[in-house]
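Secondary and tertiary structure notes
Here is how the chains run, residue by residue.
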Amino acid sequence: MSIGNKSLITIDDLSNEEIEAIFSLADEMSSGGEDYLSLCRGKIMATLFFEPSTRTRMSFEAAMQRLGGSVISAVDINSTSLSKGESIADMARVVGSYTDIIVIRHPWEGAAKLVAEYAGVPVINAGDGSHEHPTQTLCDLYTLKKEKGAIRGLKIALLGDLKYGRTVHSLTYALARFGAIILFRHSPGLEMPKHVLRRLSMECEGMLKRYEDLNQVTQKKLFPLDAIYITPHSPHQLAMMTDISIQIELKKGVDAIYVTRLQKERLGLTAEEQELKKDYPAVDKKFLKEKEFKRALVMHPLPRIDELARELDTDPRSMYFKQAALGVPVRMALIAFLLGAKKVETSGKDDYFVPRMVYPTYKRGFGVKCPNPKCVTVHEAQFIVPEFKIVNRQPLTLRCAYCEQETYPKYIASSEWHDGTLESKRYHNANSHWLQKIKPENLIIFGSESDAQAQGFKPSKYATPEEKG
Amino acid sequence: MSIGNKSLITIDDLSNEEIEAIFSLADEMSSGGEDYLSLCRGKIMATLFFEPSTRTRMSFEAAMQRLGGSVISAVDINSTSLSKGESIADMARVVGSYTDIIVIRHPWEGAAKLVAEYAGVPVINAGDGSHEHPTQTLCDLYTLKKEKGAIRGLKIALLGDLKYGRTVHSLTYALARFGAIILFRHSPGLEMPKHVLRRLSMECEGMLKRYEDLNQVTQKKLFPLDAIYITPHSPHQLAMMTDISIQIELKKGVDAIYVTRLQKERLGLTAEEQELKKDYPAVDKKFLKEKEFKRALVMHPLPRIDELARELDTDPRSMYFKQAALGVPVRMALIAFLLGAKKVETSGKDDYFVPRMVYPTYKRGFGVKCPNPKCVTVHEAQFIVPEFKIVNRQPLTLRCAYCEQETYPKYIASSEWHDGTLESKRYHNANSHWLQKIKPENLIIFGSESDAQAQGFKPSKYATPEEKG
Amino acid sequence: MSIGNKSLITIDDLSNEEIEAIFSLADEMSSGGEDYLSLCRGKIMATLFFEPSTRTRMSFEAAMQRLGGSVISAVDINSTSLSKGESIADMARVVGSYTDIIVIRHPWEGAAKLVAEYAGVPVINAGDGSHEHPTQTLCDLYTLKKEKGAIRGLKIALLGDLKYGRTVHSLTYALARFGAIILFRHSPGLEMPKHVLRRLSMECEGMLKRYEDLNQVTQKKLFPLDAIYITPHSPHQLAMMTDISIQIELKKGVDAIYVTRLQKERLGLTAEEQELKKDYPAVDKKFLKEKEFKRALVMHPLPRIDELARELDTDPRSMYFKQAALGVPVRMALIAFLLGAKKVETSGKDDYFVPRMVYPTYKRGFGVKCPNPKCVTVHEAQFIVPEFKIVNRQPLTLRCAYCEQETYPKYIASSEWHDGTLESKRYHNANSHWLQKIKPENLIIFGSESDAQAQGFKPSKYATPEEKG
């Protein structure tokens, strides 16, 4: 991507090397040695917040102003022109013509990607539904880097709501990319979603171990864990570790525990919520007394509710306010980087600790659509041609290019019928041998039989009728 | 008006020459050759938005910041101090003492004029109810000028909601002033209001032709039209045109079509609305295939809903995003002009293409009041002495100086009774011969008999009782 | 307090000398002779408004921008992260790490003090419930100073809502400190609260006179008064005045009348409110015709409703719009002072006209709590150890260090039981002789018997059971 019009939609938009470069810049900027007020002089940032978030918005606005730029802001945009029926694609195009960079938070998953496609200026995703919040991840990584020197090999325990907390999913991928060992300890009913775990295994090539499998003795010494994600097996030295060595490693203690709050606004205000809340972990002085946590940083994306005791605020291991404070220099560095205001030297070679996956793309004006009701492709269908990455073939698994939710379409066909007769417009089961036979450029994927039939296709003998649910 | 404390309330506040000067300045500013960040350094703009409008507000704020000025903003002001019962006149005075220029949007018609009277600093009307939105008109004219070289003689078709769309009324007067030919094509039930047509005829001295009157053959070639407004008959060469020549002229095609959206928020959410919506025009590729539209710019004030097909977005004739983008340099130029930050040379002579009308004024502390329930004079009666222009005498027609809505008061009297006895306090029908007899400085006008009687007047024999409705 | 991290929570946070220094700076800044745009260049102000107040917020933001600083703003914060259950203490810490100075308005009384304790940057109270609004007081005093040369010895009449109007309480203390004579004329049912009067008497050592006690003749000449507060008896020459001389003095007329609006939002929308409203005073031309008001400035904090007639707007005595306008230079001077951007020379000696009281402090993690349901200590109990000033011993009277509301706790005990047996954990009546016997450092205060018993205390024979209410 050419610097000067690069967007940050997911943490994957930045290579490890770019992230490290942004951190160096942030170090420089927070050292206070120099005045950066002329760096973005005359540049305008728009902050478009379709969901309220005082903290995140203010952090971006302060960062832009510390660079000498200015801000125009639209908060709580629900009673504005958008209620006149305007699309966010149109809004992106207009606001992009007024400003130099756009920061957007929106409840629809994938919304930031759509805005980036239309704005014509760099776009920063400040949270799109439950999808991503990549600058939070940058702050988290930057805090770890600053406190522990490097991220590789750190043992990071993730606690609490691992299901809905968007920050924790991004963080997990990023930690894996940088070679950290991740320990999962979810609150009852709020486990890490399967698709996140699968992605970790498939793309980051790490090993996921149920903690119950480990040596019983070790188990008692460490705080209760659900699973351990051992990131990379090569070239990292941990690769040589057997399970036994992991247990020894873990007994030395974790480097950080990352606590998330219960995402109340993503749950209904129901009995179920009350139940989840009751069992929610609370980290306090007693919890931290265990020797595993002697040198563990306590991290949290804030705002906290009851999951972090106030008594920890003066504990030197408590990092949560520092995380927030570091948000300003990190965002300053990011803005300067995206605007090309500060040259950043990178080798350009892929420096992922784990190899970056390249998946084939499926993109057609008809056929399968993303089934996630919060996906931006559902809400702005007029502006978007659905696009997917084919992340698995057995079973056929598509990942939406916008919300990144995965779907398992049931039927396929070939576009070679173009040259044939209507008779050849047949669809087959996705798990039939036809998936291998159809050339990638001819592949058509349908989410349902009715989708296929709407396009004039008929079932082949390799098409089993859908089960009625 | 002295530059440095001039306001823009209606497009009539600027002469054609001033508009052209602003456009030249906008050209200069959008050329990017120079840095304008010192032009308004230290100046503060207040944006007071009593109705939401992210787009318009952001355009103004970006313009001010591109000039190096800063902005303080109050959006969606309904839960603020105004709900404590404060008048907008008081607010204008206070905010005027804090800032250097005020931009206001308000649902009451004429509100911006009231603010300008009290603020003590330049005020820009960013939309006052259904009355005016003059900077939108400036953007529209500027786009035409930039694309077509000049506005004089252009044939502009206005499509859609010609009744409620405030932008289209201002635009109509402005196009007439600059000597364009205007073609009306309203959506069913949403025709151009009579008072706009009358004003065009009387003040701009153009000719309004029902399209049905024209040659049948021509009619079939051009897209269905309701009426054509042929602007000026002198000195413009079109003046020599007979109806036949107009038809020839029109067959050459229109220069721009200006599409408006259905002003849903001005309608009730009723069956009627659904009806209006059903028949609303949609401009798409098919529509534009007609040869009349070969070189027609497609314009729209945005946001659009369904009246402009997305497929046009890549058509080179589509101007709507360009219109929005040009809003920034136009507003930069306007702000610099109103603040006196940039000297603008104008001859000062009236350069209207059509002669500017000067009407006598009627202004008294009692008697006739503006009957428009959305007029600011109704809501802030304590601060405003009603003021009207007498735009016609047969029938007696007053145009409110604030909302510009017209009213037809029924009764008149003379203030010469001051020197006489109560007996002489008589009121007469407005359409009686007394209207000619009473000296203008003595004229008293009443909206109703009860108004007159409340002031101690009695009916003369020239006063017919009001019909009870 | 060290300049550079000083906050303004109540007007008492500034000495008279500092206030005078701020006024000199404001004079300098409003003279327009110099450009102050570099004074706070690169500094960021956060305006956090948990209650709407366009006027106050804009005044602060304009002031910061006139100093070359920038602003990040969060208005009407109720649907934001705070609704996720976040404490304002946490928010203060985070926003303090983003910005250089915080301006806060919040409905909880004492909220600004809490924010100042956690923010780590200077905090300005822009109104905390009915407690304080010190910058309004600064504007009021500055207007008096500018118009009358000095505040000492001025006769200021306070009219209207003296009960709920927060501005008027702060103003009263400040006027007393500067040696003005204050005349009270409350609207029926809205008298000055007892605790304000008691504080005036006890801390400012002035004399409060019921107006009815004064000479009957005088009474008729002056507009109806409830009470007169004669500020200081020493070293001011008025100290020598007998009641007779006061009457003579008053007949010479008042220097200013300060009108407040009815604080509707602090009342229920009830019949009672309608009643209060009916009798509310309205200052108009007729009112001001009395010779006592010949040179009286008319002051009002704005927004006004009906209590100030529009006809006064052009009267040279009317100061209310000037008060508002002077808010910008006063706030500029204050911000520059608090940020240490402008050195201010003060002798450092206490220059109160009346001696400043120093009260003993009571602060314990248990026992008496502030009973004011709007006090921040009630809402953020996790973050605050209750703290009180012991302002009286007979009856025992505590003033909350946050909301400054007074409370009269009923029971006391001694912490010397620590060294004794449980038998010695006894509580006594607050008005028993034990209050004198217990050493200040050992004093424990309970609001109720149940409070005491919850801590394991038992009634002594000096403890009368609470009356059941």
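These lines cover the structure that appears in this document, whether it is placed above or below.

Procedures and definitions
Residues numbered from 1 in each chain as written. Chains lettered and ligands numbered in written order. Predicted model: local features only at pLDDT ≥ 70, side-chain atom pairs only at ≥ 80, totals over all residues. Heavy atoms only, no water. Contact = heavy atoms within 4.5 Å. Salt bridge = Lys/Arg side-chain N within 4 Å of Asp/Glu carboxyl O. Polar contact = N/O pair within 3.5 Å; in protein donor to acceptor, adjacent residues only side chain to side chain. Helix = DSSP H or I, 4+ residues; strand = E, 2+ residues; numbered from the N terminus. Buried < 20%, exposed > 50% of the residue type's maximum accessible area, 1.4 Å probe, protein only. Least-squares fit on C-alpha atoms with pLDDT ≥ 70 in both. Buried area = accessible area lost by both parts, 1.4 Å probe. Nonpolar A, V, L, I, M, F, W, Y, C, P; charged D, E, K, R; others polar. Pairing = 2+ DSSP bridges.

Turning our attention to the interface of chain A and chain B. Taken residue by residue, the interface counts 29 residues in chain A and 26 residues in chain B. Our count for the contact surface shared by chain A and chain B stands at five salt bridges. Measuring nitrogen to oxygen at the nearest pair gives 3.3 Å for the salt bridge that ties Asp35 of chain B to Arg41 of chain A. Counting across the chain A and chain B interface gives ten residue pairs in polar contact (both at pLDDT 80 or more). Secondary-structure elements contributing two or more residues to the side of chain A that touches chain B are strand E1 (44-49), strand E2 (70-75) and helix H3 (88-98) of chain A. Of all the elements, H3 of chain A adds the most residues to the side of chain A that touches chain B, at seven residues.

A word on the pattern of salt bridges. All told, the structure shown has 66 salt bridges over all chains when counted by the stated rule. A salt bridge links Glu117 of chain A to Lys113 of chain A; the nearest nitrogen and oxygen atoms lie 3.5 Å apart. Residue Glu117 of chain A and its partner Lys113 of chain A are located together in helix H4 (residues 111-119), separated by four residues, close to a single helical turn. Take Glu117 of chain A: its relative accessible area is 40%, and that puts it in the partly exposed class. The closest approach of N and O atoms between Arg399 of chain C and Glu406 of chain C, which form a salt bridge, is 3.3 Å. No difference in accessibility class separates Arg399 of chain C from Glu406 of chain C, as the two residues are buried. Sharing partners across several salt bridges, the network here consists of Asp12, Arg177, Arg198, Arg199, Glu203, Arg399, Glu404 and Glu406 of chain A.

It is worth spelling out the relation of the copies chain A and chain C at this point. Overlaying chain A on chain C yields an RMSD of 0.1 Å, the required transformation being a rotation through 120° with an accompanying axial translation of 0.0 Å. Given the turn and translation reported, the copies of this chain are related as if by a three-fold rotation axis. No C-alpha of chain A approaches the rotation axis more nearly than that of Ser70 of chain A, which lies at 4.9 Å.

Turning next to the interface of chain A and chain C. Taken together, the contact between chain A and chain C spans 26 residues of the former and 29 residues of the latter. Where chain A abuts chain C, roughly 2400 Å² becomes buried across the two surfaces, and 54% of that area is made up of carbon and sulfur atoms. It is Met58, Arg66 and Arg310 of chain A that lose the most area in chain A upon contact with chain C, and together they represent 24% of the buried surface on that side. Our enumeration of links across chain A and chain C arrives at five salt bridges. Here Arg66 of chain A makes a salt bridge to Asp100 of chain C, at a shortest N to O gap of 3.2 Å. Our count for the chain A to chain C interface comes out at ten residue pairs in polar contact (both at pLDDT 80 or more). Looking at the side of chain A that touches chain C, the elements with two or more residues in it are helix H2 (54-66) and helix H12 (320-338) of chain A. Considering every element that reaches the side of chain A that touches chain C, the biggest residue donor is H2 of chain A, with nine residues. Looking at the side of chain A that touches chain C, its residues break down into eleven nonpolar, three polar and twelve charged.

Before going further, it helps to examine the sheet that holds strand E15 (residues 411-414) of chain B. All names here are of chain B. Sheet architecture is open: four strands sit in the order E17-E15-E16-E18, paired in mixed fashion. Each edge of the sheet is formed by a strand with only one pairing partner; in this case those strands are strand E17 (443-446) and strand E18 (458-459). When E15 meets E17, the two strands line up antiparallel, connected through four bridges. Within E17, the residue paired with Ala413 across the bridge is Ile444.

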